[in-house]
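Working through the structure, step by step
Below, each chain spelled out in residue letters.
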Amino acid sequence: METKIVIAVDGYASCGKSTLAKALAAALNYIYIDTGAMYRAVTLYCIENELDIDDKEAIDAALQQIKIHFEKIHQKNTTFLNDRNVEEEIRKMYINERVSEVAAISAVRRAMVEQQRKMGKQKGVVLDGRDIGTVVFPGAELKLFMTAAINVRTQRRVDELGAKGLVVSDEEVRENLIHRDHIDSTRADSPLKLADDAIVIDNSNINPNEQLAMCLALTTQRISTFMNKPE
Ligand code: CDP
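As a starting point, this report considers the structure included with it. Predicted model, so just to flag it, every value in this text is computed and none were measured.

A word on the sheet that holds strand β1 (residues 6-11). Strands sit in the order β2-β6-β1-β7-β8 across an open sheet of five strands; the sheet is parallel. The sheet is open, and its two borders are formed by β2 (31-34) and β8 (199-202), each paired with just one other strand. Geometrically, the sheet is characterised by an average inter-axis angle of 20° between neighbouring strands, direction not taken into account. Relative to strand β6 (residues 125-129), β1 runs parallel, the two being bridged by five bridges. Directly across from Val9, in β6, lies its bridge partner Asp128. Relative to the sheet, helix α10 (residues 208-227) contacts β1, β7 (142-147) and β8, its axis offset from that of β7 by approximately 160°.

On to helix α3 (residues 56-65). Within the span of α3, buried status applies to Ala58, Ile59, Ala62 and Leu63. Mapping the buried residues of α3 onto a view down its axis gives an arc of 135°, with all of them on the same face. Of the residues in α3, the exposed ones pointing more than 90 degrees away from the buried face are Lys56, Glu57 and Gln64.

What counts and what doesn't
Here the residue index of a chain counts from 1 through its sequence in written order. Given that this is a predicted model, residues contribute local features only at a pLDDT of at least 70 and side-chain atom pairs are listed and counted only at 80 or more, while totals for whole chains, interfaces and linings are drawn from all residues. With hydrogens and water set aside, each side-chain value is computed from the structure's full complement of heavy atoms. By the convention used here, strands pair only if DSSP detects at least 2 bridges between them. In this text, helices come from DSSP runs of H or I with a minimum length of four residues, and strands from runs of E with a minimum of two, each type numbered from the N-terminal end. Here an angle of 0 to 180 degrees is reported between the N-to-C directions of two axes, which are lines fitted to C-alpha atoms, with helices fitted over the stretch in contact. Whether two residues touch is decided by their heavy atoms; if any such pair falls within 4.5 Å, the residues are in contact. Burial classification: accessible surface area is computed with a 1.4 Å probe over protein chains only, and a residue below 20% of its type maximum counts as buried, one above 50% as exposed, and the rest as partly exposed. Throughout, the arc means that of the directions going from the helix axis to the C-beta atoms.

What follows is the structure in structure tokens.
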């Protein structure tokens, strides 16, 4: 039987995690799970329902009402919140501005991590996020930790938003990336940090094809190590 593994792709904001994770999943015929989209969807729910994120009871009650799932629409991974397609909405700047505060709430993390573990338990999955290799799947067979220079990350996100017709200044995007990285790295519950056994990939100067080739080679290596591991 073909050996399937769990691949964790963690790292800083807008450093190409989802580009790599999607490409890896497509090349390996694995399922791609965008865990950031789940925190974004919860954030959208909180904003639309005017929830006070410091009100623990309100957050617990909201989590009971929130159902997130993914569908492939025209080959594109699409996020649904309570059966509504929110893919476009959750990428907007007003979500970027609030998502890291919402993602720092322990009850929110507990609920999302539980779902992520269920989605990944059959293996053959690539998850992109912040705490995949450290908390969600600490036993993941391959852990990648992505990073890139802040000016490169800013330009990529400005271009990405621009392609959707959303005009934002470089400065606004840059500040948001730095701010989110700070909250994500310093929160008490499952902060963004490098797992001991993660491989760091700085993609400031490599293109998506080069990074995919590099990571596919690492995957093949990991699968063969895993298959030859004594019981
Ligand atoms: O695409 P980008 O790197 O900008 O962000 P994302 O992966 O969509 O994640 C959005 C936010 O969700 C992050 O800044 C984190 O605050 C949070 N997040 C998290 O806390 N844990 C994860 N596993 C994934 C995302």
